[in-house]
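Descriptive analysis of the structure
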Amino acid sequence: MDKTLTIDFRARDQRFMRAAGDVLKRYRIDRLEQADPGDPVRFRIRGGRREYTVTVDPRWASKPACTCPDAAQLGGLQNAGYCKHIIAVLIREKALQFQLLEILL
Ligand SMILES: [Zn+2]
């Protein structure tokens, strides 16, 4: 039996980009206030009754994080641990877009 783990990267990327597009269209994303410009930037993502918080370090000293169950489960295995909420925030925020590189590397 072949135990090699194969991942269809193209299918995976398409699925995630579609999911992120869905978040951008249907969810409300609010950037929360920062006390200091160097502080991590927090975003509140609301869709229906669900509400999550995405935290992004503008200096990229640590990876973006999200409070949704997906982010906890993916745990770095898929898309560098980036859930669709994180991807949507990074696509939306021009100054943070470079952190999408992590998924492509
Ligand atoms: Zn999430």
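Residues numbered from 1 in each chain as written. Predicted model: local features only at pLDDT ≥ 70, side-chain atom pairs only at ≥ 80, totals over all residues.

Re the overall build of the chain
Per the secondary structure count, the chain includes four helices and four strands. Starting at the N terminus and walking to the C terminus, you meet the elements of the chain as α-β-β-β-β-α-α-α. Here the chain holds 105 residues, and the buried ones make up 21% of them. For the chain, contacts bridging at least 24 residues in sequence account for 33% of all contacts bridging at least 6. (Helix = DSSP H or I, 4+ residues; strand = E, 2+ residues; numbered from the N terminus. Buried ≥ 20, exposed ≤ 12 C-beta atoms within 10 Å, placed from the backbone. Contact = placed C-beta atoms within 7 Å.)

Observations regarding the pairing of strand β2 (residues 41-47)
The two faces of the sheet receive side chains in turn, since in a regular strand these alternate between them. With four bridges connecting them, strand β1 (residues 28-31) and β2 associate as antiparallel partners. Bridged to R28 within β2 is R46. As consecutive antiparallel partners, β2 and strand β3 (residues 50-56) are separated by two residues, and within that stretch G48 has a phi angle of approximately 65°, a positive value. (Pairing = 2+ DSSP bridges.)

Observations concerning unusual backbone geometry
A positive phi is found at W60, a non-glycine position, where the angle reads about 60°. The residue W60 is located in the loop between β3 and β4 (65-66) in this model. Under the C-beta neighbour-count criterion, W60 is labelled partly exposed, with 13 such atoms within 10 Å.

Regarding the sheet that holds β2
Spatial strand order, β1-β2-β3-β4: four strands in an open sheet with antiparallel pairing. Only two strands of the sheet have a single partner each, and these edge strands are β1 and β4. Strands β1, β2, β3 and β4 of the sheet are contacted by helix α3 (residues 84-92), whose axis makes an angle of about 60° with β3. (Axes fitted to C-alpha atoms, helices over the stretch in contact; angles between N-to-C directions.)

Looking at the pairing of β3
Strand direction decides the pairing type here: β2 and β3, joined by seven bridges, are antiparallel. Residue pairing in the sheet places G47 in a bridge with R50 of β3. Alignment of β3 against β4, held across two bridges, turns out to be antiparallel. Across the sheet, residue V54 finds its bridge partner in β4, namely C66.

Description of the environment of R59
Here R59 lies in the loop between β3 and β4. Residues R59 and G38 lie 21 residues apart in sequence; the distance between their C-alpha atoms is 7.5 Å.

Describing the nonpolar core
Core analysis: the biggest nonpolar cluster contains 16 residues, and V54, C66, I86, I87 and V89 have the highest contact counts within it. Looking at this core, the elements with two or more residues in it are α1 (9-26), β2, β3 and α3. The dominant element in this core, judged by the number of residues it contributes, is α3, at five residues. (Core = buried A, V, L, I, M, F, W, Y, C linked by C-beta atoms within 7 Å.)

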